[in-house]
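Here are the chains, one letter per residue:
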Amino acid sequence: QVQLVESGGGLVQAGGSLRLSCAASGRTISTYSMGWFRQAPGKEREFVAAISWIGARTYYVDSVKGRFTISRDNAKNTVYLQMSGLKPEDTAVYYCAADPQPLLRPPGVGGMDYWGKGTLVTVSS
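Residues numbered from 1 in each chain as written. Predicted model: local features only at pLDDT ≥ 70, side-chain atom pairs only at ≥ 80, totals over all residues. Heavy atoms only, no water.

1. Here's the deal with the pairing of strand S4 (residues 33-39)
Put simply, the test is: Under the scheme applied here, a residue whose accessible area is under 20% of the maximum for its type counts as buried, over 50% as exposed, and between as partly exposed, the area being computed with a 1.4 Å probe on protein chains only. Put simply, DSSP H or I for four residues or longer makes a helix, DSSP E for two residues or longer makes a strand, and each gets a number counted from the N terminus. Two strands pair under a simple rule: DSSP has to find at least two bridges between them.
Burial runs high along S4: six of the seven residues are buried. Judged from the seven bridges that link them, S4 and strand S9 (residues 92-99) form a sheet pairing that is antiparallel. Bridge assignment links Ser 33 to a residue of S9, and that residue is Asp 99. Looking at chain direction, S4 and strand S5 (residues 46-51) are connected through five bridges and run antiparallel. Bridged to Arg 38 within S5 is Glu 46. Remark: six residues form the turn of the hairpin made by S4 and S5, two consecutive strands paired antiparallel; Gly 42 in that turn has positive phi of roughly 75°.

2. With respect to the sheet that holds strand S8 (residues 78-83)
Basically, it comes down to this: Interaxial angles span 0 to 180 degrees and are taken between N-to-C directions of axes, which are lines fitted to C-alpha atoms, for helices over the stretch in contact.
In space, the four strands of this open sheet follow the order S1-S3-S8-S7, with antiparallel pairing throughout. Two strands in the sheet have a free side with no partner beyond their single neighbour: strand S1 (3-7) and strand S7 (68-73). Here the average twist between neighbouring strands, direction ignored, is 15°.

3. Examining the pairing of S9
Burial of S9 is extensive: seven of the eight residues sit out of reach of the surface. Here S9 pairs with strand S11 (residues 119-124) via three bridges, running antiparallel. Following the sheet pairing, Tyr 94 is matched in S11 by Thr 119. As judged from the two bridges shared by S9 and strand S10 (residues 114-115), these two strands associate in the antiparallel manner.

4. Focus on the pattern of salt bridges
So the rule is basically this: Any carboxyl oxygen of Asp or Glu that lies within 4 Å of a side-chain nitrogen of Lys or Arg is treated as forming a salt bridge with it.
Within the structure shown, the criterion is met by four salt bridges. In this structure, the salt-bridge partner of Asp 62 is Lys 65, at a minimum N-O distance of 3.0 Å. You can call Asp 62 exposed: its relative accessible area is 61%. Here Asp 90 makes a salt bridge to Arg 67, at a shortest N to O gap of 2.8 Å.

Shape is all these values report; function is a separate question.
Given below as structure tokens:
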């Protein structure tokens with residue numbers, strides 16, 4: 001079992017930046033594909049970004065390309081999501097997720113085995 005705990009969310013003005021962290025425990029995540037997803041009020045959970053085992057491959061949803069960067073530090077068992085140029089439409093609960101399968105394509109919500117409880121990001125206009 002992998003336990004995931006997100007942190008770093010908060011209130012930020014449009015155009016600002018935040019860095020989300022996802023700390024894993026229970027197992028080393030070095031052989032897990034990791035992803036960030038988000039769920040805005042009244043909307044379905046959606047894919048945001050994903051990174052392969054050693055970070056060689058990354059995927060992003062089009063709406064965050066050029067603004068968000070996913071990274072991982074396997075020695076710290078932690079994954080990050082650096083967010084810049086934030087927009088009000090980025091407001092959502094952000095979830096970290098892990099899956100033991102290799103990352104070959106952007107994952108769907110159903111393609112991840114383990115989930116954190118989320119951290120709220122609110123972007124004011």
